Amino acid sequence: MTIIQHNQYMELALAQAALAKAKDEVPVGAVVVYKDKVIGSGHNLTRSNNNAMCHAEMIALAEASKNLGSEKLLGCTLYVTLEPCPMCAGAMVLARLSQLVYGAMDPKMGAAGTWVNIVNNPSFNHRVQVLGGIMEAECAAILQDFFRSRRDQPQQNKHGVVSKRS
């Protein structure tokens, strides 16, 4: 695939991230591509669904599996705006995803080589090809803007006490 094609699919992932941001979710978006067709997409819904497993990647992988009629995603590429966490990276290995393309690195939780490398762990029976840094500046910017705006907003706890986020 060319860099132009990678950018086109990452643009779709960024559109998913914008949907998450509009819902006050951490703005991460993902799309799964098979034979040049998007077969799964998702954005973070952890807060909306009160479910820590509702990461963009998990939602996109589940939709792709449903659309393919298989739990195996051989031949599929996942585009995601942020390097996956350990949970999502593990799901990619279990799904036998062929390729991961991500935008921004995650030095705190990145499990595709930045913090830990789950997707290419030699102990596992499957490895995922990884290409990072696609539209990195754009992917990082949506996250930075989101967290900057949250730090600047007053926060109200469940008891009605207002304080500035730290």
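Our structure's up above, just so we're on the same page.
These numbers come from a predicted model, not from an experiment. (Residues numbered from 1 in each chain as written. Predicted model: local features only at pLDDT ≥ 70, side-chain atom pairs only at ≥ 80, totals over all residues. Heavy atoms only, no water.)

K.L.:
So what exactly am I meant to see when it comes to the environment of D152 here?
P.N.:
For D152, the location among the structural elements is in helix 5 (residues 136-152). Its relative accessible area of 53% is what places D152 among the exposed residues. The spatial distance from the C-alpha of D152 to the C-alpha of C54 is 26 Å, given a sequence separation of 98 residues. (Helix = DSSP H or I, 4+ residues; strand = E, 2+ residues; numbered from the N terminus. Buried < 20%, exposed > 50% of the residue type's maximum accessible area, 1.4 Å probe, protein only.)

K.L.:
Would you explain helix 4 (residues 86-94) in this entry?
P.N.:
Helical geometry: 3.6 residues make up each α-helical turn, so side chains three or four residues apart lie on a common side. For helix 4, the set of buried residues is C88, A89, G90, A91, M92 and V93. Where helix 4 is buried, its residues contact helix 3 (56-68), strand 3 (76-82) and strand 4 (99-104). One or two positions beyond helix 4, positive phi appears at R96, with a value near 60 degrees. (Contact = heavy atoms within 4.5 Å.)

K.L.:
Hey, could you run me through helix 3 in this one?
P.N.:
Between the first and last C-alpha of helix 3 there are 18 Å, a value that for 13 residues agrees with the 18 Å anticipated at 1.5 Å per step. Packing partners of the buried residues in helix 3 comprise strand 1 (29-34), strand 2 (37-43), strand 3 and helix 4. After helix 3 finishes, the residue G69 shows a positive phi value of roughly 75 degrees. (Expected span 1.5 Å × (residues − 1).)

Keep in mind that these numbers describe shape and distance, not what the molecule does.
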